[in-house]
Amino acid sequence: MSARTAAAPARVARPVSWRRPVNTALRYTLLGVILIFAVFPFVWTLAIALTDKTAGGSIYAFPQSLLPSRVTLHNFVDVYRTFSLGKYLWNSVVITGLTVLGTLLVSALAAYPLARFRFPGRELIFAVIVLTLVLPSETTFIVNTLTLKNLGLLGTHAGVVLPTIAGAFGIFLMRQAFLAIPAALLEAARLDGASELTILTRIMLPLTRPSLAALGIFTTVTTWNAYFWPMLVLSGAPDKAPLAVAVLKLKGQFNYDPFNIAAGSIIMMLPVLLVFLAAQRLFLRGMEGAVK
């Protein structure tokens, strides 16, 4: 037997087995608390909207108001018919649809050369565009209003849509998505004789669908909930106002009827909430690509 003996292997410290389940429990507890704070206003508003006002009771009696003694849809029907929310709902659909289409088109056309073309001042132009993100949107209201007045677009849906479709966020998001496309794919298309417009429409846009979906959802939510700018442009044409502007008038129309006010709020929130829930996977994939 050799005199030199092998050194005993050092013991590897094992992590304490209880740390992982405790960390998991704390993580889910924190997420649960955040979820409660995020969902509670919507749940309470929905409960008030579904409460039969003839059954009595106070909306401030907590937690009784979260569990209506008698559920009804009469509040939704009442506020929809009395306030003619149908035309305002259609106005919101038109404004939001035009804004989404315009934003996707302008963002893609502006981001493609910034991502794939090389020309003097490219980085400076992109830096200036990104810097506009720090400016509050209110700083452009006066200039845009005067421009729309000179163009005769005040009081029209086009006046609401046109100043909002060229946003820095959309250009930034699509540029990041275009940069992720391998350059070899574009070179192969150019060798085959494809034009830049063909490359954009047949290669770049199909490969960046998650980013397009994310931008579309973000624009939909922002435009649907916008209040001040549509109210300013359409102040002379109240019948063309979107739902976000019309719902605020419910407070004056039903000043002593919080049930109808809650029903009108739910009618406004529900469409955009359903759109987001239906396309949330694409939204998260698109935002992940922008971060990368």
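Everything below is about the structure printed above this text.
First, a word on scope: everything that follows refers to the structure included in this document. (Residues numbered from 1 in each chain as written. Predicted model: local features only at pLDDT ≥ 70, side-chain atom pairs only at ≥ 80, totals over all residues. Heavy atoms only, no water.)

Side note on the overall build of the protein
- Counting secondary structure elements, the protein contains 15 helices and zero strands.
- A burial count over the protein gives 34% of its 292 residues as buried.
- Long-range pairs, those at least 24 residues apart, make up 73% of the contacts in the protein with a sequence separation of at least 6.
- For the protein, the computed accessible surface area is about 18500 Å², with 68% contributed by carbon and sulfur atoms. (Helix = DSSP H or I, 4+ residues; strand = E, 2+ residues; numbered from the N terminus. Buried < 20%, exposed > 50% of the residue type's maximum accessible area, 1.4 Å probe, protein only. Contact = heavy atoms within 4.5 Å. Areas by Shrake-Rupley, 256 points an atom, 1.4 Å probe, with all protein chains shown as cover.)

Remarks on the packing of aromatic side chains
- What the rule picks out here adds up to seven aromatic pairs.
- Residues Y112 and F178 carry aromatic rings whose centres are separated by 6.0 Å and whose planes lie at 90° to one another, so their mutual orientation is edge-to-face. Of this pair, Y112 sits in helix α3 (residues 85-116) while F178 sits in helix α7 (residues 168-179), placing them 66 residues apart in sequence. In this pair, the class of Y112 matches that of F178, namely buried.
- Centroid distance F141 to F228: 5.3 Å. Interplanar angle 20°. Geometry classified as stacked. A residue pair is termed long-range when its members are at least 10 positions apart, and F141 in helix α5 (residues 141-151) and F228 in helix α11 (residues 228-233) qualify at 87 residues.
- A residue is classified by how much of its surface remains accessible, and F228, at 42% relative accessible area, is partly exposed.
- Following the ring pairs from residue to residue traces out a cluster consisting of Y112, F117 and F178.
- Between the NZ or CZ atom of R175 and the centre of the ring of F126, over which it lies, the distance is 3.9 Å. (Phe/Tyr/Trp six-rings, centres within 6.5 Å; stacked < 30°, edge-to-face > 60°. Lys NZ or Arg CZ within 6 Å of the ring centre and 35° of its normal.)

Functional significance is not addressed by these values, which are geometric in nature.
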